[in-house]
Amino acid sequence: MPSFQERMEAHRAEKRRNAWWKQPGHPCYAVVTAFVSAIALIFSFPPFDGAELAFVSLIPWVLWASFAPGWRGWWIAVGASQLFVWCSLLVWLRHVAIYAEAPLPAFTGPLIVLGLAATVAVLHLPFFGLLRWAVPKSLKKSGTVRVLSLLMLAGLWVVQEWVRTWFLTGFPWLPMATTQWRNPVALQLASITGAYGVSALIVAINIGIALYARQLIKRRKKAGYFGNICPEFYVVMVALFGSLVLYLRVLPQSEDLQPLFSASAIQPAISQEVKWDEEMALQHLKTIDRETRLAALTQPEIILWPESATPWEARGKNGIEWWIARLSLEIDTPILMGNLIETDSGEWYNGIFWVTPEGGLDDRYYAKRKLVPYGEYVNLRGLFPFLDKANHDEYDITAGDSARPLRIDVNGREVRIGGLVCYEDIFGHLARETALSGVDAFLVVTNNAWYGREGAAYQHAAHSVLRAVETGRPVVRVGNEGWSGWIDGQGRIRTEFTDANGSIYTRGSSPMSIFHDADRSRYQTFYVRYGEWFVWTCMELFVLGIMIIKWVPDRKAPEAKEEPLLKGRDNIFKRRRRLKGLE
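Summary of the structure given here. Computed from a predicted model, the values in this text were never measured in an experiment. (Residues numbered from 1 in each chain as written. Predicted model: local features only at pLDDT ≥ 70, side-chain atom pairs only at ≥ 80, totals over all residues. Heavy atoms only, no water.)

### Considering a nonpolar patch on the surface
On the surface, Phe-43, Phe-48, Leu-53 and Val-56 cluster together to form a nonpolar patch covering roughly 320 Å² of accessible area. Of note, Phe-48 is situated in the loop between α2 (27–44) and α3 (59–65). Residue classification places Phe-48 among the partly exposed positions, given a relative accessible area of 44%. (Patch = residues over 30% accessible without salt bridge, like charges linked within 9 Å, V, L, I, M, F, W, Y side chains within 5 Å. Areas by Shrake-Rupley, 256 points an atom, 1.4 Å probe, with all protein chains shown as cover. Salt bridge = Lys/Arg side-chain N within 4 Å of Asp/Glu carboxyl O. Helix = DSSP H or I, 4+ residues; strand = E, 2+ residues; numbered from the N terminus. Buried < 20%, exposed > 50% of the residue type's maximum accessible area, 1.4 Å probe, protein only.)

Right under this line is the structure:
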């Protein structure tokens, strides 16, 4: 008869064997996995900037998938987690309904957030479905197949991000690569593969670390040296080391750095609530006038204004071209500005314009190519007239069709400026098209006051860092209410305009001296030359990976030597005592 102590010890052992964390099908396992991954993902993106969390944010899903949990519980956990993540990251979008031309119901803002978050979450579901299917199967295969499975999963993530660029009107907001916007070491792969390669590397590192941790936990003592190797982990470590080497290689030498121009970015910080109020228009002009004159005291070569800088169009029926030209003449400094114009044919353009003291508003300008749906144009306006409430104006903006840079004269030097207006810098192919035309630097003008003083301005700026690395060209940003500054061709933030408390949501001007790597500027990056080659490669890896995992037989498991079973009524207690060395 076992003693009381032995019975209690057996009871505790039974509880440990039946603990929820050892049962992949237990609801608590799903809840913990979904919650931990969601929190890690949210805090890895701007404005929180927990960049390191991105490299572990998917580990809970990989570990859970390795135990082949039930599909129903898996999909419920994935769906809830992804919806929570994207609602949290896009919560600032509710302000669009607040600033609409006509009053909208209170539920409209949250409904917009929920609808867009659900759309993005659904577009990410294929990756998690493939993760659940592929991981437990690949663990039974050879090392080569396991590595191919890793590349297949990372490739599918890339394909999903690429689909978001084109699905409906396109919304490639916050690819995984933006988590590293303040970590240029991890971004250099983008000059070869585009930002997609950085996203793939982050996803692959998550999978490699997770499977390595699983290997350590379930290590077989008699499997031998090669039986305990985790090939996925070593592959991603080599890739990470390669990213570091690439960063060191692209760092410019001091003798290669040459100045492009000096500038002062004006950030008027005019709230969207009053930006288009006719009664406040003159006050807005006074704000721009005052900040511009103060900035001119630092003697920059160029003054920069944000998107739709003035309350009236620069040229048109109510145009104030004369006012802008006079201001440029009085401060004796050219102005490169974001603004609206109305042509003689009645077409409206949102673009970037060049104003000089000698010639006033130049006829050459960059017109925005990618318009914001229901902000700058309304689909099916005649069929659904209520949609006009989402658009401030009664007219639709006309999309530009040219990626040619603005060629401006800066104290006798020609500088080629590639224009990107509003959210155009979240589309990598637009910046690439402009870079192919030959640019020295990019200028992004934007008005993030639409989205309040939350995370939108930081999230938006993160995309400009990706464009800088992809094209190898500096990116200068000027916003109505943040984020203003400039990023060099290696993705390093050189200037970030903030107030004394470190907030980007402030009024004033930011002096900047923009320089570039003269040696690197003579050629185009691999990504600019060859475009989305990496996306097509990932598609091929995805198809190949599914075929290999499905058709290649499992590897033969090593035979394990089983202990002889003890006979008798108390064999479980005798076996425990023997293992402890008591018998």
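### Observations concerning the sheet that holds strand β4 (residues 348–356)
Hydrogen bonds along the backbone pair up the strands of a sheet, which may run parallel or antiparallel. The strand order across the open sheet built from six strands is β5-β4-β3-β2-β1-β12, with neighbouring strands paired in mixed fashion. Each edge of the sheet is formed by a strand with only one pairing partner; in this case those strands are β5 (360–367) and β12 (508–517). If you compare each strand with its neighbour and ignore which way they point, the axes differ by 40° on average. Pairing analysis gives three bridges linking strand β1 (residues 257–267) to strand β2 (residues 302–304), with the strands arranged parallel. In the strand pairing of β2, Ala-265 is matched with Leu-304. (Pairing = 2+ DSSP bridges. Axes fitted to C-alpha atoms, helices over the stretch in contact; angles between N-to-C directions.)

### Focus: unusual backbone geometry
A cis geometry characterises the amide bond from Pro-46 onward to Pro-47, with omega recorded as 10°. Note that Pro-47 resides in the loop between α2 and α3. Cis rather than trans, the peptide bond between Gly-482 and Trp-483 has omega equal to -5°. Within the secondary structure, Trp-483 sits in the loop between β9 (475–479) and β10 (485–487). In this model, Leu-174 sits at a positive phi of 55°, which is unusual for a non-glycine residue. Note that Leu-174 resides in the loop between α7 (143–166) and α8 (190–193). Phi is positive for Asn-411, which is not a glycine, with a value near 50°. Looking at the secondary structure, you find Asn-411 in the loop between β6 (406–410) and β7 (413–421). Taking the relative accessible area as the measure of exposure, Asn-411 reaches 62% and is therefore exposed.

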